[in-house]
Amino acid sequence: MIEQTNLAGNFTLPGKSMTVNRMGYGAMQLAGPDVWGPPQDVDTAMAVLREAVESGVNHIDTSDYYGPHVTNQIIKQALYPYPKDLVIVTKVGARRGPDKSWLPALSRQELVDAVHDNLRNLGLDHLDIVNLRVGGVTEPGQESIEEPLTVLAELKRQGLIRHLGLSNITPKQLGEARTITEIVCVQNFYNVAQRNDDAFIDDLAAQGIAYVPFFPLGGFTPLQSSALDAAAAALEATPMQVALAWLLQRSPNILLIPGTSSLAHLRENLQSSMLQLPSEVIADLDAIDGNARIGRHTS
């Protein structure tokens, strides 16, 4: 277990009711292959969760469609009763088909059912944060999100949800959302090689809204991977550690949720919160994407 409790500093979400350490944990990989069914070793899955929390992680990202139901049930089995400062963030807006496919689930009844599934399987009477997931696999769509978000806003008023976030969305959709309810976080596809959200991240930072990137190593070309490998070798770190450290140094509103079902990989990921990238390494990594326009913030 890593002897630290403040992982890469912390971030206070809008409304100032929740403060989380910037290095969190994503629970998707706790389910079986293809995020379907139970894992081969439930005891190890629970050990990963417990060590993450013992090491200072107080932000866990999950969804009841992981498994489905499996991941949330493992979280409850491992951590309930939950530590008082633990923030569990879940997602709705999708469901799993019998063929293990990922299908949209944005009707009123599907959203209400999803919230209640999360409550039941996590053993909670309210959810800390619920993200509305829209768009495709990695790219946002352009559709209005008023209808599904209004459903979640009603559930928030009923006390079943404390805060709302959005996943896989555009700045325009955020603007639409903020006319309906307060938004505390955005979860989009972003990493050192995929930087379409550069300006968006800076705008969110100015507004005090958290940005949570998914797929921290997704969509790299061989050339980009080679540059990351070179930086990692120079720092005697793994490429994943360097990619995570780059994100942490990118902007103080970025929160990380790397996922793993391995204790060894968990420890590697957490160690990246202590990895300070020299300015010349940051410059080399920034150059991976020649189209990037980064307005860097420092924490």
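Please refer to the structure higher up on the page.
Residues numbered from 1 in each chain as written. Predicted model: local features only at pLDDT ≥ 70, side-chain atom pairs only at ≥ 80, totals over all residues. Heavy atoms only, no water.

> Looking at this structure, how should I read the layout of surface pockets?
Summary: where empty space remains is shown by rolling a probe the size of a single water molecule over the atoms. The calculated volume of the largest pocket comes to roughly 840 Å³. For the largest pocket, the lining is made up of 33 residues, of which Met 28, Tyr 66, Arg 133, Phe 214 and Phe 215 are closest to its centre. Secondary-structure elements contributing two or more residues to the lining of the largest pocket are β7 (102-104), β11 (210-214) and α8 (239-250). Partitioned by chemical class, the residues of the lining of the largest pocket number 21 nonpolar, 8 polar and 4 charged. (1 Å grid on protein atoms, 1.4 Å probe; cavity = no way out; pocket = protein on both sides within 12 Å on 5 of 7 lines; lining within 4 Å. Points joined across faces, edges and corners; volume = space filled by probe spheres on them. Helix = DSSP H or I, 4+ residues; strand = E, 2+ residues; numbered from the N terminus. Nonpolar A, V, L, I, M, F, W, Y, C, P; charged D, E, K, R; others polar.)

> Mind showing me how you'd approach the packing of aromatic side chains here?
Given two aromatic rings, one states the distance between the centres and the angle between the planes to describe the pair. All chains considered together, the criterion is met by 8 aromatic pairs. Judged by centre distance (5.5 Å) and plane angle (90°), the ring pair of Tyr 65 and Tyr 66 falls under edge-to-face. Among the residues examined, Tyr 65 registers a relative accessible area of 10% and is labelled buried. Look at Tyr 80 and Tyr 82: their rings are 5.3 Å apart centre to centre, the planes differ by 90°, and that puts the pair in the edge-to-face class. Judged by its relative accessible area of 46%, Tyr 80 falls in the partly exposed class. (Phe/Tyr/Trp six-rings, centres within 6.5 Å; stacked < 30°, edge-to-face > 60°. Buried < 20%, exposed > 50% of the residue type's maximum accessible area, 1.4 Å probe, protein only.)

> How do you make sense of the nonpolar core when you look at a structure like this?
For soluble globular proteins, the rule of thumb is that nonpolar side chains tend to be buried together. Formed by 77 residues in total, the largest nonpolar core has its most connected members in Leu 152 and Leu 285. For this core, the leading source of residues is α8, giving 7 residues. If sequence neighbours within four positions are ignored, Leu 285 has contacts with Val 192, Arg 195, Ala 227, Leu 228, Ala 231, Val 242, Trp 246 and Leu 277. Listed in part, the 13 residues of the second largest apolar core include Phe 11, Val 87, Val 212 and Leu 255. (Core = buried A, V, L, I, M, F, W, Y, C linked by side-chain atoms within 4.5 Å. Contact = heavy atoms within 4.5 Å.)

> Sorry, what's going on with empty space enclosed by the protein here?
Under the criterion given, the structure shown has 1 cavity of 30 Å³ or more. There is about 70 Å³ of room inside the largest cavity. Lining the largest cavity are Leu 13, Val 20, His 59, Val 87, Val 89, Ile 129, Asn 131, Cys 185, Gln 187, Val 212 and Leu 255. Among the elements of the structure, β5 (87-92), β8 (127-133) and β10 (183-189) are those that each provide at least two residues to the lining of the largest cavity.

> Can you help me understand the packing of helix α1 (residues 42-54) against helix α2 (residues 70-79) in this one?
Across the interface, α1 lies against α2 with an axial gap of 9 Å and an inter-helix angle of 65°. Relative to α2, the crossing made by α1 is right-handed. Of α2, the residues touching α1 (which contributes Val 42, Ala 45, Met 46, Leu 49, Arg 50 and Val 53) are Ile 74, Ile 75, Gln 77, Ala 78 and Leu 79. Partitioned by chemical class, the residues of the contact of α1 with α2 number 9 nonpolar, 1 polar and 1 charged. (Axes fitted to C-alpha atoms, helices over the stretch in contact; angles between N-to-C directions. Left-handed = near helix turned anticlockwise from the far one by under 90°.)

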